[in-house]
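# A structural walkthrough
In case you want the letters, here they are:
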Amino acid sequence: MPSVSRVGAYTHLTPDDLEPPGEPEVFFEPADTEIGVWVAADLLPPGGGGTVLDLGSGSGAAAAAMAQAGAARVHGVDNGRQTLRWAERHYASPDGRVTFALGDYSLLSPRELLATAPGPLPRPLVVTSNPAYVPLPAEAARTHPSISGGTDGLKWAGPIIGHARTLGADLGLTIGSYSTPRRAAALIAGAGYRIAAVTLCPLPFGAFTLEHPERVLALEERGEAVLWRSGPDPLAYFVVGLACRRADGTEQQGGEKELTDLLRTAARSATTRLETLDAPDAAPPPWPVRVLDLPPATTRHHW
Ligand SMILES: C[S@@+](CC[C@H](N)C(=O)[O-])C[C@H]1O[C@@H](n2cnc3c(N)ncnc32)[C@H](O)[C@@H]1O
């Protein structure tokens, strides 16, 4: 029977990773990053091994933590030059186990993405991404490339899912509960994946999203975004980590309604434990659900 578990502290990121880089073009949102590592860990072989191809690898903290979590090899690709320099300086490993390269995953083919790595990547392969997922007006893509996910928050999900599919990889995708989760589940199922595990973490709106909430609120009004209004912050959402496996054709896919129901149930909670997920009348989720109830970050940096 799938269950809801709770994790009350950072497990994968180290105290050093929780220090803000302080660089203008290096994304820092530790809860987001930690969730991405949990998602990768859900998909890695139980005894360790395999490769993670991390698309939009940011500071590199996630990639290093994925190696710590058991990946034999992690290769991160990011299109931010300053971001790449930071990742290489702080997280590339001398033994070549963790590497980074400059690249735009919306332009490169899957084969070209693999070719940015300095050598062959051992299988099995997991493609992960915590892409820019905030639904924002189109012009925000220029000013806020680390968070702007286009008008529905899923601008980057299509190419990422497509790369995973072409490469025959399992898929770890992080979105927001306002990034049209119903549509995300449909894209995932349509590409032949099934959701295998879900990780949720409540997070207050970021500064830029608070200043420009129009898209998010419009999506909420249409029933496409789930916001958290009954928690400690007036406007919050859930970071949603989706660990997805290639479906073998006999399994039931979909998950659109189940994911939306799960998020709506969570959104009735008053505390960051998301206690309503345990209520006797809550529909049991069809997947294991992990709630990250993390200490709030003192600093966040989105660019
Ligand atoms: C939300 S941040 C996530 C960073 C990192 N994965 C983490 O969890 O800490 C998104 C990252 O994707 C990068 N990015 C955005 N669009 C990209 C693209 N088309 N190709 C490669 N990287 C991209 C940004 O530079 C940024 O570092």
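See the structure printed just above.
This structure is a prediction, so every number in the text was calculated from the model and none was measured.

## Topic: the site of the ligand
Around the ligand sit 22 residues in total, of which T33, G56, G58, G80 and N130 are the nearest. A total of three residues in the shell around the ligand trace back to one element, the largest contributor, which is helix α1 (residues 30–43). Of the residues belonging to the shell around the ligand, the class tally is seven nonpolar, 12 polar and three charged.

## Side note on the packing of helix α6 (residues 157–167) against helix α7 (residues 181–190)
Relative to each other, α6 and α7 sit at 25 degrees, their axes nearing to 10 Å. Between α6 and α7, the crossing angle belongs to the class labelled roughly parallel. Handedness of the α6/α7 crossing: right-handed. On α7, the residues touching A157, G158 and I161 of α6 are A184, L187 and I188. For the contact of α6 with α7, the residue count by class is five nonpolar, one polar and no charged.

## Here's the deal with the sheet that holds strand β9 (residues 289–292)
Strand order in the open sheet formed by nine strands is β1-β9-β7-β8-β6-β5-β2-β3-β4, and the pairing between neighbours is mixed. The sheet is open, and its two borders are formed by β1 (4–7) and β4 (98–102), each paired with just one other strand. Strand-to-strand twist across the sheet, computed as the mean angle between neighbouring axes with direction ignored, equals 20 degrees. α1 contacts β2 (51–55), β5 (125–129), β6 (170–176), β7 (193–204), β8 (236–246) and β9 of the sheet and is inclined by roughly 20 degrees relative to β8. Taken strand by strand, α6 contacts β2, β5 and β6, and its axis lies near 175 degrees from that of β5.

## Topic: the nonpolar core
Burial of nonpolar side chains together is a common tendency in soluble globular proteins. With 88 residues, the main nonpolar core has A40, M66, I160, V198, L200, F238 and L242 as its most contacted residues. Ignoring any residue separated from it by four or fewer positions in sequence, one finds L242 in contact with V39, L173, I188, I195 and V198.

## Notes on the pairing of β6
Most of β6 sits out of view: seven of its seven residues are buried. Covered by surrounding structure in β6 are D170, G172, T174 and G176 together with L171, L173 and I175, the residues of both alternating faces. With four bridges joining them, β5 and β6 adopt parallel strand pairing. When the bridges of β6 are listed, V127 appears paired with L171. As judged from the six bridges shared by β6 and β8, these two strands associate in the antiparallel manner. The partner of I175 across the bridge, within β8, is V240.

Cut-off values and rules
Residues numbered from 1 in each chain as written. Predicted model: local features only at pLDDT ≥ 70, side-chain atom pairs only at ≥ 80, totals over all residues. Near = placed C-beta within 6 Å. Helix = DSSP H or I, 4+ residues; strand = E, 2+ residues; numbered from the N terminus. Nonpolar A, V, L, I, M, F, W, Y, C, P; charged D, E, K, R; others polar. Axes fitted to C-alpha atoms, helices over the stretch in contact; angles between N-to-C directions. Parallel < 35°, antiparallel > 145°, perpendicular 65-115°, else oblique. Left-handed = near helix turned anticlockwise from the far one by under 90°. Contact = placed C-beta atoms within 7 Å. Pairing = 2+ DSSP bridges. Core = buried A, V, L, I, M, F, W, Y, C linked by C-beta atoms within 7 Å. Buried ≥ 20, exposed ≤ 12 C-beta atoms within 10 Å, placed from the backbone.

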